[in-house]
Amino acid sequence: NRWGLKGSEDLGNGLRAVFVLESGFDLGNGMSGQSYKDDEGKSTRLFGRQATLGLAGDSWGQLDLGRQTNIASKYVGSIDPFSTGFGQAGMGSTFASADTLRYDNMVMYQTPNFSGFQFGVGYSFQSDGPQAAKVKGQKDTNTNAITTGLRYANGPVALALSYDQQRAYDAFANKKHTQKNWNVAGAYDFEVVKLHAAFGQDYDGKFGDGYNKKHNYNNYMVGLSAPVGAGNVLASWQMDQPRKEAKKQGDVGGKKQHVYSLGYTHPLSKRTNVYASGSYAKNR
């Protein structure tokens, strides 16, 4: 659920000023989503889904500044038959870096589409919350993030590749730790059925779960979508496979996670659809 404002102004010579201010909310209780809590526990984020200002040109691409989703979410997430939505059914249950991951304080550039190809790269000076000043003699406490990727979409073929890296400050160790992730994904539309697949690897913990040295994972997704009547059937299987030290965890985190999902969406009009989905996870 979301609401927001977006706009574009023609500056001449093919150049446009663009902005997006978008807020998420819970339809059940009206509370804000994607909020940030300060040291006093107060929510201080109004436009949690996106808050960007940028410049766009047909010939050179688009530059956006502010809070926005990373490249993996934009490029790899689009391969998911559930489009990273439908709760647990979305591939974000396994591919954490593509789980509509948002970075604050980010500068992002994306090229225009060249015969189906598009490249994007972004850098966040502090991925979550206000950027802290750098003080001489003290450690930089900001979490810096890099996101980049390449995608291709032409006819029935869609391919995507992404890489993300976060450097977060550890107050206990008084130093920064680095987490890395890469993904590759593809889809092919046979018209009667569309096949989806993805593979990725996490190094030193899952994005969003904090740094965990040598806790590495292989991520898999295979899915399909098919038109049935006026609607579409969606299905996927995901697996999160611990590697090396991650296997030694005593809790459920040391076991393979399997997620099986099935859904159906049906349009009632141009703007309204009804949908249902079910998802089962083992060793969530």
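Relevant structure appears above.
Attention in this report is confined to the structure presented alongside it.

1. Some thoughts on the overall build of the protein chain
Working step 1: The helix and strand tally for the protein chain stands at 1 helix and 14 strands.
Working step 2: In summary, the protein chain has a C-alpha radius of gyration of 20 Å against a globular reference of 19 Å for 284 residues, a match within 12%.
Working step 3: Dimensions of the protein chain along its principal axes, counting C-alpha atoms only, are 65 × 60 × 40 Å.
Working step 4: Residues counted as buried form 41% of the 284 residues belonging to the protein chain.
Working step 5: Sequence-distant contacts, at least 24 apart, represent 53% of the contacts inside the protein chain between residues at least 6 apart.
Working step 6: Of the roughly 15600 Å² of accessible surface on the protein chain, a fraction of 55% belongs to carbon and sulfur atoms.
Working step 7: Charged side chains in the protein chain number 32 positive and 24 negative. The centres of these two groups are separated by 5 Å.

2. Some words on the pairing of strand β10 (residues 194–203)
Working step 1: Alignment of strand β9 (residues 175–189) against β10, held across 10 bridges, turns out to be antiparallel. In the sheet register, V184 faces β10, and the bridge partner there is F199.
Working step 2: In textbook terms, the turn of a hairpin is the stretch between consecutive antiparallel strands, and for β9 and β10 this stretch comprises 4 residues, one of which, E191, has a positive phi near 75 degrees.

3. Quick word on the side chain of S97
Working step 1: With respect to the helices and strands, the residue S97 is situated in the loop between α1 (71–75) and β5 (102–110).
Working step 2: Take S97: its relative accessible area is 0%, and that puts it in the buried class.
Working step 3: Here N181 takes part through its side chain, which lies 2.6 Å from a polar atom of the side chain of S97.
Working step 4: Residues within four places of S97 in sequence aside, it is in contact with N70, A72, S73, N181, N183 and F207.

4. Thoughts on the layout of surface pockets
Working step 1: What the second largest pocket holds in volume is close to 200 Å³.
Working step 2: Surrounding the second largest pocket, 18 residues form its lining, S78, I79, R151, A153 and A158 being those nearest its centre.
Working step 3: Counting residues per element, the ones that place at least two in the lining of the second largest pocket are β7 (144–154), β8 (157–170) and β10.
Working step 4: Grouping the amino acids of the lining of the second largest pocket by side-chain chemistry returns 9 nonpolar, 6 polar and 3 charged.

5. Observations concerning the pattern of salt bridges
Working step 1: Scanning the entire structure with this criterion turns up 9 salt bridges.
Working step 2: The salt bridge partner of K134 is D140, with a shortest N-O separation of 4.0 Å.
Working step 3: The partner of D240 in a salt bridge is K206, with the nearest N and O atoms 3.1 Å apart. Taken as a pair, D240 in strand β12 (residues 231–244) and K206 in the loop between β10 and β11 (215–228) lie far apart in primary sequence, 34 residues in all.
Working step 4: K206 sits in the buried class, given a relative accessible area of 9%.
Working step 5: Salt bridges linked by common partners bring R45, R67, D104 and D128 together as one network.

6. Structural notes on the packing of aromatic side chains
Working step 1: Within this structure, the stated rule accounts for 9 aromatic pairs.
Working step 2: Measuring from centroid to centroid gives 5.1 Å for F199 and Y220, while their planes differ by 55 degrees, and the two rings are tilted. Residue F199 is found in strand β10, and its partner Y220 is found in strand β11; the two are separated by 21 residues along the sequence.
Working step 3: When its relative accessible area of 22% is taken as the criterion, F199 is described as partly exposed.
Working step 4: What links up through ring pairs into an aromatic cluster is the set F82, F86 and Y275.
Working step 5: In this arrangement the basic side chain of R243 is found over the ring face of Y203, its NZ or CZ atom lying 5.0 Å from the centre.

7. Quick word on a positive patch on the surface
Working step 1: On the surface, a cluster of positive charge is contributed by K175, K213, K214 and K244.
Working step 2: Examined against the element boundaries, K244 turns out to sit in strand β12.
Working step 3: Residue class for K244 comes out exposed when judged on its relative accessible area of 63%.

What counts, and at which threshold
Residues numbered from 1 in each chain as written. Predicted model: local features only at pLDDT ≥ 70, side-chain atom pairs only at ≥ 80, totals over all residues. Heavy atoms only, no water. Helix = DSSP H or I, 4+ residues; strand = E, 2+ residues; numbered from the N terminus. Rg over C-alpha atoms; globule rule 2.2 N^0.38 Å. Buried < 20%, exposed > 50% of the residue type's maximum accessible area, 1.4 Å probe, protein only. Contact = heavy atoms within 4.5 Å. Areas by Shrake-Rupley, 256 points an atom, 1.4 Å probe, with all protein chains shown as cover. Lys, Arg positive; Asp, Glu negative; His and termini not counted. Charge placed at Lys NZ, Arg CZ, Asp CG, Glu CD. Pairing = 2+ DSSP bridges. Polar contact = N/O pair within 3.5 Å; in protein donor to acceptor, adjacent residues only side chain to side chain. 1 Å grid on protein atoms, 1.4 Å probe; cavity = no way out; pocket = protein on both sides within 12 Å on 5 of 7 lines; lining within 4 Å. Points joined across faces, edges and corners; volume = space filled by probe spheres on them. Nonpolar A, V, L, I, M, F, W, Y, C, P; charged D, E, K, R; others polar. Salt bridge = Lys/Arg side-chain N within 4 Å of Asp/Glu carboxyl O. Phe/Tyr/Trp six-rings, centres within 6.5 Å; stacked < 30°, edge-to-face > 60°. Lys NZ or Arg CZ within 6 Å of the ring centre and 35° of its normal. Patch = residues over 30% accessible without salt bridge, like charges linked within 9 Å, V, L, I, M, F, W, Y side chains within 5 Å.

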